Number of protein chains: 2
Amino acid sequence: MPENNTIKKLNRFSVSADLQIFLENNPDKKVIVIQGLGFVGAVMSLVCANSITEEYAVIGVDLPTDNSIKKINALNSGEFPLVAEDPKIDEFFKNSISKGNLYATTDPTAFSMADVIIVDVNLDVGKKADEDYSLKDYDVDLTNFKEAISTIGKFCNTKALVLVETTVPPGTCEKLIKPILENALGKRGLPTCDLKIGHSYERVMPGPKYIDSIRNYPRVFSGIDDVSATATEDFLKTIIDTSKCELTRLSSTTASEMAKVLENSYRASNIAFAVEWSRFAEEAGVDLWSIVNAIRVRKTHANLMFPNIGVGGYCLTKDPLLASWARKNFFGSTTDLEISVSSVSINDQMPVFAYQRLKFVFGQLDKLKVAFLGVSYRGDVGDTRFSPVETLYRLIKSDTSFIKVHDPYVSRWEELGVDVFADLDDVLTSDTDIIIISTAHSSYSSEELISKILSLPRCKIFDAVGLFNKKQILSLKDKHEISLIGSGDFT
Amino acid sequence: MPENNTIKKLNRFSVSADLQIFLENNPDKKVIVIQGLGFVGAVMSLVCANSITEEYAVIGVDLPTDNSIKKINALNSGEFPLVAEDPKIDEFFKNSISKGNLYATTDPTAFSMADVIIVDVNLDVGKKADEDYSLKDYDVDLTNFKEAISTIGKFCNTKALVLVETTVPPGTCEKLIKPILENALGKRGLPTCDLKIGHSYERVMPGPKYIDSIRNYPRVFSGIDDVSATATEDFLKTIIDTSKCELTRLSSTTASEMAKVLENSYRASNIAFAVEWSRFAEEAGVDLWSIVNAIRVRKTHANLMFPNIGVGGYCLTKDPLLASWARKNFFGSTTDLEISVSSVSINDQMPVFAYQRLKFVFGQLDKLKVAFLGVSYRGDVGDTRFSPVETLYRLIKSDTSFIKVHDPYVSRWEELGVDVFADLDDVLTSDTDIIIISTAHSSYSSEELISKILSLPRCKIFDAVGLFNKKQILSLKDKHEISLIGSGDFT
């Protein structure tokens with residue numbers, strides 16, 4: 001029997017009635033509390049509530065903001081607060097409802113119940129852009145993150161494992177989290193010797209394999225000491241299917257924190273590399289797509305990226321900066337991670353290059369009727385965070401106000417306050433001048449869309465994501481002008 | 001019967017007697033002339049002389065410099081002018097001697113005999129470095145290259161295929177080679193309509209698979225028009241084993257020229273990326289090797305590079321600059337290929353970082369006795385061109401003159417005018433203070449070397465290339481101080 005007997009726990013803090021009932025309904029289960037119910041935390045809560053070798057009671061905790069309260073209420077009333085293509089999300093959520101082992105709350109006393117606390121809160125980077133959208137300056141404001149850790153320290157029991165999943169500047173567990181938690185326990189007159197802090201980063205990929213990208217995907221982990229690392233490993237083995245994927249233990253939390261930001265920086269710099277060669281290919285009148293295909297046959301070059309409108313989402317747009325910030329602020333270097341930081345800057349400018357290319361190929365856009373297909377930063381996902389389409393939209397908006405936007409996964413583009421159409425017929429009309437394929441949703445590559453476009457009397461097409469294959473491009477080219485990003489072949 | 005009947009050909013120009021005899025001994029064979037007998041041209045001549053579906057007479061032509069004449073004489077007297085680990089080189093060379101179908105000369109009239117002329121001459125980039133070895137400026141001087149093409153134009157017959165293998169700035173075939181050849185033929189009063197110009201780059205990897213890296217390795221090709229591209233393909237099929245590897249046709253010579261420099265720029269930028277993270281890892285006291293291993297399990301990250309002393313050789317140190325130069329000089333861009341150019345600069349600085357690290361870990365080097373193991377830029381190869389060891393050697397030389405150098409593949413380090421020992425006992429002596437593993441020759445990872453080092457009374461070891469595995473490092477660490485590049489674990 002786990003020692004975290006429910007009644008004992010409840011005595012420690014004055015816990016809300018709902019939480020008491022939830023815990024009483026899940027007696028003798030170990031308790032996992034997940035801090036932060038965003039794109040990672042929410043799905044992580046499902047993975048934990050559907051763990052593999054042990055039954056957990058899972059509590060999601062978030063701050064009492066309007067948005068979080070909405071999510072919490074949704075979750076507690078049987079509606080998962082996140083739309084995604086993965087059918088397992090529905091399956092896992094239904095399963096947790098029937099087991100009654102998943103609950104969400106804003107009540108921080110929940111941390112006092114936890115055997116394992118998983119930190120999934122945001123840690124943002126403040127970016128300042130120049131007029132040309134290049135990166136002028138950046139800063140990491142740790143205030144909210146420290147506050148979140150302090151809250152854990154105020155309530156957690158001394159034997160809990162605090163497992164950090166948030167992407168943090170390398171060094172954070174040792175230099176920030178450990179002192180904050182020790183200090184908080186000290187203030188409560190509690191010993192700090194049993195405190196366990198682990199770090200293990202997710203490799204979540206929103207989309208049709210959302211759950212699998214957590215559950216069946218190799219993981220790196222570490223702890224601030226051996227006991228913490230082993231506790232982390234033991235826990236991960238209960239939720240990750242280690243028959244399908246490997247766990248790799250690194251020798252310090254700084255190492256695994258570094259691994260996470262390095263992974264994303266590598267990706268960001270590979271993308272930035274492709275950006276500059278896309279522009280060169282366009283200038284030289286050659287097709288970078290066929291060049292990349294010809295090169296990728298070499299295993300040593302398989303990670304070479306294709307042209308694209310830009311990079312978006314929450315990670316690649318900031319993680320290189322977290323790393324470079326840590327290098328200077330935690331480890332006293334006077335040097336930025338030059339390539340990694342440049343990559344962010346170049347990637348932030350990609351939509352500007354796409355905009356310039358569009359005008360170079362098709363001329364001025366003044367008062368033209370423009371249709372965007374896709375606003376998400378990534379295909380087959382409804383996620384508009386830092387979408388490169390946003391920058392392109394804003395730029396085109398300065399030329400014309402006749403813009404309509406379609407996306408099968410987004411109904412309201414919150415960042416811009418724009419309603420998004422779900423029906424292509426509302427967006428592709430006989431007076432459409434320019435169609436911009438701005439997200440590579442696979443539904444867009446259907447023959448249906450192509451015949452719809454071919455039925456239009458006149459329009460120009462800018463495939464900014466390489467959605468169409470060569471055959472499709474040629475069939476469209478029969479009737480309309482078409483330009484493909486990173487290619488000088490069709491101009 | 002090929003139309004290049006030997007007698008007909010001989011009438012066109014006054015050809016040297018040796019060449020006449022060679023051609024008379026190879027009647028009715030198509031003639032390949034290879035311009036440039038360097039690291040690619042010399043081995044390419046073997047591949048052509050041992051072609052797959054057709055028998056060729058192969059003539060290597062080089063300029064009458066001391067060095068080239070030495071090579072030409074060696075080749076004609078039965079000694080291949082290039083030392084490499086690949087046993088196939090010896091086999092192919094012996095085979096060509098017994099067939100008598102390979103000959104070398106400085107006589108440019110050889111071009112008049114050619115059905116196929118393969119351009120394998122050098123095209124160098126002039127680099128100016130700042131005091132810290134970063135790249136200050138660069139320029140491409142095309143004088144010699146244009147001269148080489150002009151020479152072909154003076155002698156070639158109008159139906160020859162000129163196949164460019166030299167790595168050139170994208171655009172060179174169309175903007176430079178074609179006009180030069182057309183102009184030269186025009187001056188000779190000859191038609192230019194039959195002129196065929198192809199481009200296909202090798203992916204030569206000096207070392208134990210030297211021949212296979214030409215013969216059994218996928219290739220990209222193109223031509224200035226369809227006839228040229230088809231002629232190029234037809235020819236390549238006779239020398240490349242297309243049952244084992246694919247030929248990819250790109251739509252223009254600019255595209256395949258770009259593919260070549262992009263490939264190498266990608267590699268250079270991946271290395272530069274690893275450089276800056278190596279330094280960060282050293283500063284943060286973590287081991288980048290285990291981090292890279294943990295990340296490389298992801299296919300999307302398999303090209304992530306390990307720490308190293310630097311990048312050397314003829315290609316990666318200049319090709320990104322050829323590309324960026326072309327972007328500005330052939331296609332009117334005002335922008336460099338920023339990441340690619342920065343990568344060259346960062347990579348050029350790598351040995352400086354290694355030097356700084358060495359002193360940070362082991363203290364001042366004044367008057368210490370230093371042993372370098374390896375001078376080649378790459379393991380298991382005797383090639384010191386632009387070796388990063390050169391920079392490290394020069395830096396250490398400013399601290400101490402007691403330096404000994406070992407390399408199993410190099411007897412004289414021409415760039416530095418330094419004799420290189422072949423016997424480890426001459427280099428590793430009881431008064432050796434610091435051993436620097438500077439090239440990852442596989443013979444160095446033997447237990448023999450490790451016991452030799454362990455038998456030394458006192459020394460410090462700097463593994464600047466990650467030669468030793470963890471077990472070997474730990475066994476060395478039992479007796480000596482050891483530091484591994486890109487790792488803060490052993491300091």
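Scroll up to find the structure this text is about.
Just so it is clear, the structure is predicted and the values come from calculations on it, not from any experiment. (Residues numbered from 1 in each chain as written. Chains lettered and ligands numbered in written order. Predicted model: local features only at pLDDT ≥ 70, side-chain atom pairs only at ≥ 80, totals over all residues. Heavy atoms only, no water.)

**Notes on the overall build of chain A**
A count of helical and extended segments in chain A gives 17 helices and 17 strands. In terms of overall size, chain A behaves like a compact globule, its C-alpha atoms giving a radius of gyration of 24 Å where 491 residues would be expected to give roughly 23 Å. Counting only C-alpha atoms, chain A reaches 75 × 50 × 40 Å along its principal axes. When burial is assessed residue by residue, chain A has 62% of its 491 residues classed as buried. Contacts in chain A between residues at least 24 apart in sequence constitute 75% of all its contacts with a sequence separation of at least 6. Split by element, the accessible area of chain A, about 18,800 Å² in all, is 49% carbon and sulfur. (Helix = DSSP H or I, 4+ residues; strand = E, 2+ residues; numbered from the N terminus. Rg over C-alpha atoms; globule rule 2.2 N^0.38 Å. Buried < 20%, exposed > 50% of the residue type's maximum accessible area, 1.4 Å probe, protein only. Contact = heavy atoms within 4.5 Å. Areas by Shrake-Rupley, 256 points an atom, 1.4 Å probe, with all protein chains shown as cover.)

**Re the interface of chain B and chain A**
With 58 residues of chain B at the contact, the number on the chain A side is 58 residues. Roughly 5,200 Å² of surface becomes buried between chain B and chain A when both sides are summed, with 66% attributable to carbon and sulfur atoms. One can count four salt bridges joining chain B with chain A. A salt bridge links E263 of chain B to R298 of chain A, with the nearest nitrogen and oxygen atoms 2.5 Å apart. For the pair chain B and chain A, the interface holds 27 residue pairs in polar contact (both at pLDDT 80 or more). (Buried area = accessible area lost by both parts, 1.4 Å probe. Salt bridge = Lys/Arg side-chain N within 4 Å of Asp/Glu carboxyl O. Polar contact = N/O pair within 3.5 Å; in protein donor to acceptor, adjacent residues only side chain to side chain.)

**So, the sheet that holds strand β1 (residues 30-35) of chain B**
Residues and elements named next belong to chain B. Spatial ordering of the open sheet is given by β3-β2-β1-β4-β7-β8-β9-β10, a layout of eight strands whose pairing is mixed. The open sheet has two free edges, formed respectively by β3 (102-105) and β10 (247-249), since each of these has just one partner strand. Sheet twist, expressed as the mean angle between neighbouring strand axes with direction ignored, is 25°. Summarising the sheet, strand β4 (residues 116-119) and strand β7 (residues 161-164) pair through four bridges and their orientation is parallel. Of the residues in β7, the one forming a bridge with I117 is V162. Sitting on the sheet, helix α6 (residues 143-155) touches β1, β4 and β7, and the angle it makes with β4 is about 175°. (Pairing = 2+ DSSP bridges. Axes fitted to C-alpha atoms, helices over the stretch in contact; angles between N-to-C directions.)

**Things to note about the sheet that holds strand β15 (residues 434-437) of chain A**
Residues and elements named next belong to chain A. Here five strands make up an open sheet; going across it, the order is β12-β11-β15-β16-β17 and the pairing parallel. What marks the edges here is a single partner per strand, and that holds for β12 (403-406) and β17 (481-484). If you compare each strand with its neighbour and ignore which way they point, the axes differ by 15° on average. Summarising the sheet, β15 and strand β16 (residues 460-463) pair through four bridges and their orientation is parallel. Within β16, the residue paired with I434 across the bridge is K460. Seen against the sheet, helix α13 (residues 338-362) touches β15, β16 and β17 and runs at an angle of roughly 150° to β16.

**Focus: the pattern of salt bridges**
Under the defined criterion, the tally for this structure stands at 44 salt bridges over all chains. Residue K127 of chain B is joined to D348 of chain B by a salt bridge in which the shortest nitrogen-to-oxygen separation is 3.1 Å. Of the two residues, K127 of chain B is situated in strand β5 (residues 125-129) and D348 of chain B in helix α13 (residues 338-362); the sequence distance between them amounts to 221 residues. The exposure class assigned to K127 of chain B is partly exposed, which follows from its relative accessible area of 32%. Residue E263 of chain B pairs with R203 of chain B through a salt bridge whose shortest N-O separation is 2.4 Å. With E263 of chain B in helix α10 (residues 253-284) and R203 of chain B in the loop between β8 (196-201) and α8 (212-215), this residue pair connects regions lying 60 residues apart in the sequence. Note on accessibility: E263 of chain B and R203 of chain B belong to one class, buried. Residues joined in a network through salt bridges with shared partners are D226, E233, K237 and R249 of chain A.

**Some thoughts on the packing of aromatic side chains**
Inspection of every chain in the model, using the stated rule, returns 26 aromatic pairs over all chains. For the ring pair W277 of chain A and F280 of chain A, a centre distance of 5.7 Å and an interplane angle of 50° mean the geometry is tilted. Taken as a pair, W277 of chain A and F280 of chain A lie in helix α10 (residues 253-284) at a separation of three residues, close to a single helical turn. Taking the relative accessible area as the measure of exposure, W277 of chain A reaches 0% and is therefore buried. Each ring, one from Y314 of chain A and one from F386 of chain A, has its centre 6.5 Å from the other, and the planes form 35°; the classification is tilted. Taken as a pair, Y314 of chain A in the loop between α11 (288-295) and α12 (319-329) and F386 of chain A in the loop between β11 (370-373) and α14 (388-397) lie far apart in primary sequence, 72 residues in all. Look at Y314 of chain A and you get buried, because its relative accessible area is 13%. The ring of F353 of chain B carries the charged tip of R279 of chain B above its face, separated from the ring centre by 3.6 Å. (Phe/Tyr/Trp six-rings, centres within 6.5 Å; stacked < 30°, edge-to-face > 60°. Lys NZ or Arg CZ within 6 Å of the ring centre and 35° of its normal.)

**Here's the deal with the packing of helix α3 (residues 41-49) of chain B against helix α5 (residues 87-99) of chain B**
Residue and element names in this part refer to chain B. Relative orientation of the contacting elements α3 and α5 amounts to 60°, with a least axis distance of 9 Å. Compared by their axis directions, α3 and α5 come out oblique. Both α3 and α5 take part in a crossing whose hand is left-handed. Along the contact surface, α3 presents V43, L46 and A49, while α5 presents I89, F92, F93, S96 and K99. Partitioning the contact of α3 with α5 into residue classes produces six nonpolar, one polar and one charged. (Parallel < 35°, antiparallel > 145°, perpendicular 65-115°, else oblique. Left-handed = near helix turned anticlockwise from the far one by under 90°. Nonpolar A, V, L, I, M, F, W, Y, C, P; charged D, E, K, R; others polar.)

**Things to note about the packing of α10 of chain A against α10 of chain B**
Two numbers describe a pair of packed helices, the interaxial angle and the distance between the axes. At a minimum axis separation of 10 Å, α10 of chain A and α10 of chain B run at an interaxial angle of 155°. When the axis of α10 of chain A is compared with that of α10 of chain B, the two are roughly antiparallel. Between α10 of chain A and α10 of chain B the crossing geometry is right-handed. When the residues that make up the contact of α10 of chain A with α10 of chain B are grouped by side-chain class, the tally is 18 nonpolar, eight polar and no charged.

**Things to note about the nonpolar core**
In terms of nonpolar packing, the biggest core is built from 168 residues, with W277 and I291 of chain A together with W277 and I291 of chain B touching the most fellow members. Setting aside residues up to four positions removed in sequence, I291 of chain B forms contacts with L250, A255, M258, A259 and L262 of chain A together with V286 of chain B. Grouped together as the second largest cluster of nonpolar side chains are 50 residues, Y355, L424, I453 and C459 of chain B included. (Core = buried A, V, L, I, M, F, W, Y, C linked by side-chain atoms within 4.5 Å.)

**Here's the deal with the environment of D241 of chain A**
Residue and element names in this part refer to chain A. Its location among the elements puts D241 in the loop between α9 (226-239) and β10 (247-249). Each C-alpha atom of the pair D241 and D399 lies 52 Å from the other, and the pair is 158 residues apart in sequence. Excluding its chain neighbours within four sequence positions, the residues that come into contact with D241 are I52, R215 and N216.

**Describing the environment of N95 of chain A**
Summarising the element assignment, N95 of chain A is placed in helix α5 (residues 87-99). Distance from N95 of chain A to L250 of chain A, taken between C-alpha atoms, is 34 Å for residues 155 residues apart in sequence.

**Describing helix α3 (residues 41-49) of chain A**
Among the nine residues in α3 of chain A, nine count as buried, and that is most of the element. Among the residues of α3 of chain A, those classed as buried are G41, A42, V43, M44, S45, L46, V47, C48 and A49 of chain A.

**Section: helix α2 (residues 17-25) of chain B**
Residues and elements named next belong to chain B. Listed as buried for α2 are L19, F22 and L23. The buried residues of α2 occupy one face: seen down the axis, they fall within an arc of 95°. Those residues of α2 that are exposed and aimed more than 90 degrees away from the buried face are A17 and N25. (Arc of directions from axis to C-beta.)

**Some words on the pairing of β11 of chain A**
All names here are of chain A. Neither face of β11 is open: one carries V370 and F372, the other A371 and L373, and all of them are buried. Pairing of β11 with β12, which is carried by four bridges, proceeds in the parallel orientation. When the bridges of β12 are listed, L373 appears paired with H406. For the segment spanning β11, α14 and β12, crossover handedness is right-handed. Across four bridges, β11 lies against β15 in parallel orientation. Its bridge partner being in β15, V370 is matched across the sheet by I434. (Right-handed = clockwise from strand over helix to strand, strands pointing away.)

**Regarding the relation of the copies chain B and chain A**
Screw-axis analysis of chain B against chain A gives a translation of 0.0 Å along the axis, an RMSD of 0.0 Å, and a rotation angle of 180°. The two molecules are tied by a two-fold rotation axis, judged by turn and shift. (Least-squares fit on C-alpha atoms with pLDDT ≥ 70 in both.)

**Some words on the environment of K244 of chain A**
Assignment of secondary structure puts K244 of chain A in the loop between α9 and β10. Sequence separation of K244 of chain A and P218 of chain A is 26 residues, and the distance between their C-alpha atoms is 8.2 Å.

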